[in-house]
There are 2 protein chains.
Amino acid sequence: MAATERSTRDRLLDAFETLLVSAGSRSATLDAVASAAQVSKGGLLYHFHSKDELVDGMLARLREQGRADVEKMRTATKGPVDFYLTTSINTGSDFDRALIAASRIAQDNDSRASDALGDLREWWFAVLLEHLEDESLARTIQLIGDGLYFDDTTGLNEKNALKHVRDVLTRLGAL
Amino acid sequence: MAATERSTRDRLLDAFETLLVSAGSRSATLDAVASAAQVSKGGLLYHFHSKDELVDGMLARLREQGRADVEKMRTATKGPVDFYLTTSINTGSDFDRALIAASRIAQDNDSRASDALGDLREWWFAVLLEHLEDESLARTIQLIGDGLYFDDTTGLNEKNALKHVRDVLTRLGAL
DNA sequence: CGTACTATACCGGCTGGACGGTATAGTGGA
DNA sequence: TCCACTATACCGTCCAGCCGGTATAGTACG
C-alpha cells in the first residue's frame, strides 16, 4: 500500500538523519539505520538500493522542507530577518535535523550535499535581499546565520548569541 | 635524531590533515596517511601508536598554531578585527588546514576536537572584546568569522563576502 | 469460486573487501 | 649498538551490497 510504503521510507530517512546528527557519518551505517528504523537491512535496501540512494532521498526531502521554510520566512510576522536568525539556531525541528545531516554528508566531500546546501542558501539570500534591498547587509546577515548554525552543529553553542546579534542589527536598522 | 623525527612526525600530521580536508574523515585511513606521507604503515605507528594518538597530535599542534595566530591578531597593523575576518577565509595556510581538519574530526562527535576549537574561539573572542569593548559587537563579529569559515569548509564560498562584511562593519564603526 | 500468477514489502544470512592494530625481521646511519 | 625507520604478513571486526526466501494482497482466467 502506498501509505505504508511512504511511512517506512520516511522512518528510514529519519533514522539516517538522526544517526548522522548524533554520531557523524562514520556511524550512520546501513545496519545502524535499519535497526534504528526497526526495519531489517534487506527492508532498507528494498527502499534504497544503495547508500547513495539513501543520501539522494534525504537531500530530496531536504529541498522540499527548504522550499516550505523559505515560504514561511517570506511571510513571517516579525519579518524575514528575524525569522532567518531565529531558525538558524537548532531547535531540534525536522528541518534542522535534515540540515545538519546534510552538512555532515557535505563534510565527506559529497558535492550533492554541498549543492543542496548551496541552493538553500541562495533561496534564503534572495528573500533577505528582497526585504533589505542592501546586498552588503543581506550577505552579512546570512553569514551571521551561518555562524549561528555552525556553532550549533559543532557544539560551540553560545547561550546569548542571538541577543547580541539582535542588538547589533538594531543599530543597523535591520530589525 | 630529533630533527629527523620531528620532520617525519610533522609530515604525517600534514598528510593526515590534508586527507581530512580534501576527502573527509572516512578517507583518512592509516594506510592512506602513511602512503601520502611516504612513510610505511609501521613507520606511522612508530610515531603514533593509534589513530587516536594521531588525532591528539594534530590537535596539540593546532593549539600551538592557534596561540601564535592569536598573538599575530593582537598586534596586527590593521587591527584585530580586520585580521580576524581576513584570516577567517581559507587561504590554504597550514593553520587553515589544521582548523578545517579539526572541524572534520569534530563532526564525528569527537569532543577532543570540539574542545580544541572551542578554546581557539575563546582566545579570539578575548582579543575582540578587549579591542572593541562591546560584547554584542564582538560576539557578532565572531559569528561572521564563523560564517565565513563555515562557508569555506562547506564549499559555499562567496567571492565578495569579505567586502560586504567590511562595508557593514564600517557603518558600525568597528573598522 | 478456485487456481495460477504477479507485485509489493520485507527478512536475515552471507561474502568480500577495507580498516585498525599487532608482530616481526631487517636495514642504514650516527 | 641504538635509533628510526621499512617491509610484509597477519588478525578480528566492521560494513556495503547481494541474494534467496517469506508473507500478503490483488488480478486474470476458467
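Here, every reference points to the structure presented above.
Residues numbered from 1 in each chain as written. Chains lettered and ligands numbered in written order. Predicted model: local features only at pLDDT ≥ 70, side-chain atom pairs only at ≥ 80, totals over all residues. Heavy atoms only, no water.

Some details on the interface of chain B and chain A
Thought 1: The interface of chain B with chain A comprises 42 residues on the first partner and 41 residues on the second.
Thought 2: When the buried area of chain B at its contact with chain A is split by residue, Arg26, Gln107 and Leu143 of chain B rank highest and sum to 18% of it.
Thought 3: In this assembly, chain B and chain A are joined by 4 salt bridges.
Thought 4: Among the ionic pairs, arginine 121 of chain A bridges to aspartate 151 of chain B, the shortest N-O distance being 3.2 Å.
Thought 5: Listed by contribution, the elements that provide at least two residues to the side of chain B that touches chain A are α1 (2-23), α6 (94-107), α7 (111-132), α8 (135-153) and α9 (161-171) of chain B.
Thought 6: Per-element tally for the side of chain B that touches chain A: the top contributor is α8 of chain B, with 14 residues.
Thought 7: Considered class by class, the residues forming the side of chain B that touches chain A number 15 nonpolar, 14 polar and 13 charged. (Contact = heavy atoms within 4.5 Å. Buried area = accessible area lost by both parts, 1.4 Å probe. Salt bridge = Lys/Arg side-chain N within 4 Å of Asp/Glu carboxyl O. Helix = DSSP H or I, 4+ residues; strand = E, 2+ residues; numbered from the N terminus. Nonpolar A, V, L, I, M, F, W, Y, C, P; charged D, E, K, R; others polar.)

Notes on the relation of the copies chain B and chain A
Thought 1: Overlay of chain B on chain A (RMSD 0.1 Å): rotation 179°, translation along the axis 0.0 Å. Classification of the inter-copy transformation places it as that of a two-fold axis. Within chain B, the C-alpha atom positioned nearest to the axis of rotation is that of glycine 147 of chain B, 2.0 Å from it.
Thought 2: The overlap is high: 98% of the interface residues of chain B also sit at the interface in chain A, so the same surface is used on both sides. (Least-squares fit on C-alpha atoms with pLDDT ≥ 70 in both.)

Some details on the pattern of salt bridges
For side chains of opposite charge, pairing can occur when their charged atoms come near one another.
All names here are of chain A.
Thought 1: This model, assessed by the stated rule, comprises 38 salt bridges over all chains.
Thought 2: A salt bridge links glutamate 17 to arginine 61, with the nearest nitrogen and oxygen atoms 3.2 Å apart. Remark: arginine 61 occurs in helix α4 (residues 51-74) and glutamate 17 occurs in helix α1 (residues 2-23); sequence separation between them is 44 residues. Residue glutamate 17 shares its accessibility class with arginine 61, and that shared class is buried.
Thought 3: In this structure, the salt-bridge partner of arginine 166 is aspartate 82, at a minimum N-O distance of 2.3 Å. (Buried < 20%, exposed > 50% of the residue type's maximum accessible area, 1.4 Å probe, protein only.)

Section: the environment of phenylalanine 16 of chain B
Residue and element names in this part refer to chain B.
Thought 1: Mapped onto the fold, phenylalanine 16 is located in helix α1.
Thought 2: Linking phenylalanine 16 and threonine 86, residues 70 residues apart in sequence, is a C-alpha distance of 25 Å.
Thought 3: If sequence neighbours within four positions are ignored, phenylalanine 16 has contacts with Ala28, Val33, Leu54, Val55, Met58 and Ile105.

Brief notes about the protein's contact with DNA strand D
Thought 1: Around DNA strand D sit 16 residues in total, of which Leu30, Lys41 and Lys51 of chain A together with Tyr46 and His47 of chain B are the nearest.
Thought 2: If you look at DNA strand D and keep only atoms within 4 Å of the protein, 63% of those are sugar or phosphate atoms.
Thought 3: Contacts to DNA strand D include lysine 51 of chain A, whose side-chain N or O atom sits 2.7 Å from a phosphate oxygen.
Thought 4: In this structure, tyrosine 46 of chain B approaches DNA strand D through a side-chain N or O atom, which is 3.0 Å from a phosphate oxygen.
Thought 5: Residue assignment for the surface near DNA strand D shows that the elements contributing at least two residues are α3 (41-47) of chain A together with α1 and α3 (41-47) of chain B.
Thought 6: Residue composition of the surface near DNA strand D, grouped by class: 5 nonpolar, 8 polar and 3 charged. (Near = heavy atom within 4 Å. Polar contact = N/O pair within 3.5 Å; in protein donor to acceptor, adjacent residues only side chain to side chain.)

What to know about the packing of aromatic side chains
One pair of aromatic rings is described through two measures. These are the centre distance and the angle between the planes.
Thought 1: Applying the stated criterion to the full structure yields 7 aromatic pairs over all chains.
Thought 2: Both rings, one in phenylalanine 150 of chain A and one in tyrosine 149 of chain B, keep their centres 5.5 Å apart while their planes meet at 80°; by these two values the pair is edge-to-face. Of the two residues, phenylalanine 150 of chain A is situated in helix α8 (residues 135-153) and tyrosine 149 of chain B in helix α8; the pairing between them involves two chains.
Thought 3: The class for tyrosine 149 of chain B is buried, based on a relative accessible area of 12%.
Thought 4: Put simply, the rings of Tyr149 and Phe150 of chain A together with Tyr149 and Phe150 of chain B pair up and form one aromatic cluster. (Phe/Tyr/Trp six-rings, centres within 6.5 Å; stacked < 30°, edge-to-face > 60°.)

Examining the environment of glycine 173 of chain A
Thought 1: On the secondary structure map, glycine 173 of chain A appears in the segment after α9 (161-171).
Thought 2: Of the residues examined, glycine 173 of chain A reaches a relative accessible area of 61% and is grouped as exposed.

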